[in-house]
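One-letter residues, chain by chain:
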Amino acid sequence: AGFAQNYLEAGGFLTLGNDGFPSAEQAAEAFARSGADIAVLCSSDAVYAELAAPAARAIAAKGAKAIVLAGNPGANEGSYREAGVTD
């Protein structure tokens, strides 16, 4: 998450960090409160496998203009995109 945040800030993006969320719903609620347009999902491959799709669906439902997965989606790319991951 730190690498992704630094990378985006170096490119001129204003970022809002956090320490993660135990559920997709809590992540989506935090996104909605943040006022952000774009969400970046940052985690380990094991957590992505469990929470990336539910988190993307929940965040997309809150109006995200884009949802970025910070990592290699591998074989799960199709299901992540179906759930709302755009990049």
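Below is a summary of the structure that appears in this document.

Cut-offs used in this document
- Residues numbered from 1 in each chain as written.
- Predicted model: local features only at pLDDT ≥ 70, side-chain atom pairs only at ≥ 80, totals over all residues.
- Heavy atoms only, no water.
- Helix = DSSP H or I, 4+ residues; strand = E, 2+ residues; numbered from the N terminus.
- Rg over C-alpha atoms; globule rule 2.2 N^0.38 Å.
- Buried < 20%, exposed > 50% of the residue type's maximum accessible area, 1.4 Å probe, protein only.
- Areas by Shrake-Rupley, 256 points an atom, 1.4 Å probe, with all protein chains shown as cover.
- Lys, Arg positive; Asp, Glu negative; His and termini not counted.
- Charge placed at Lys NZ, Arg CZ, Asp CG, Glu CD.
- Patch = residues over 30% accessible without salt bridge, like charges linked within 9 Å, V, L, I, M, F, W, Y side chains within 5 Å.
- Salt bridge = Lys/Arg side-chain N within 4 Å of Asp/Glu carboxyl O.
- Core = buried A, V, L, I, M, F, W, Y, C linked by side-chain atoms within 4.5 Å.
- Contact = heavy atoms within 4.5 Å.

Below, the discussion takes up the overall build of the protein chain. When you go through the protein chain residue by residue, the secondary structure sums to 4 helices and 2 strands. When the helices and strands of the protein chain are placed in sequence order, the string is α-α-β-α-β-α. For 87 residues, the compact-globule estimate of 2.2 N^0.38 gives 12 Å, and the C-alpha radius of gyration of the protein chain, at 12 Å, lies within 12% of that figure. Oriented by its inertia axes, the alpha-carbon framework of the protein chain measures out at about 30 × 25 × 20 Å. In the protein chain, buried positions account for 26% of the 87 residues. By element, 53% of the accessible surface of the protein chain is carried by carbon and sulfur atoms, the whole surface being about 5,500 Å². Seen as two clouds, the 5 positive and the 10 negative side-chain charges of the protein chain have centres 8 Å apart.

With that out of the way, let us pick up a nonpolar patch on the surface. On the surface, a nonpolar cluster with roughly 260 Å² of combined accessible area is contributed by Phe 13, Ile 38 and Val 40. On the accessibility criterion, Val 40 (32% relative accessible area) is partly exposed.

What the rule picks out here adds up to 2 salt bridges. Note that Lys 62 and Glu 29 form a salt bridge whose closest N and O atoms lie 2.8 Å from each other. A residue pair is termed long-range when its members are at least 10 positions apart, and Lys 62 in the loop between helix H3 (45–61) and strand E2 (66–69) and Glu 29 in helix H2 (residues 24–34) qualify at 33 residues. Given the relative accessible area of 37%, Glu 29 is considered partly exposed. In this structure, Arg 81 engages Glu 77 in a salt bridge whose closest nitrogen and oxygen atoms are separated by 3.0 Å. Of this pair, Arg 81 and Glu 77 both sit in helix H4 (residues 77–83), separated by 4 residues, roughly a single helical turn. For Glu 77, a relative accessible area of 34% puts it in the partly exposed group.

Let's shift gears to the nonpolar core. Within the largest apolar cluster, 18 residues are counted, with the highest numbers of intra-cluster contacts made by Leu 41, Ile 59, Ile 67, Leu 69, Tyr 80 and Val 85. Elements supplying a minimum of two residues to this core: H2, strand E1 (38–41), H3, E2 and H4. No other element matches the 7 residues that H3 contributes to this core. Ignoring sequence-local partners within four residues, the contact set of Tyr 80 consists of Tyr 48, Ala 49, Ala 52, Ala 53, Leu 69, Pro 73 and Val 85.

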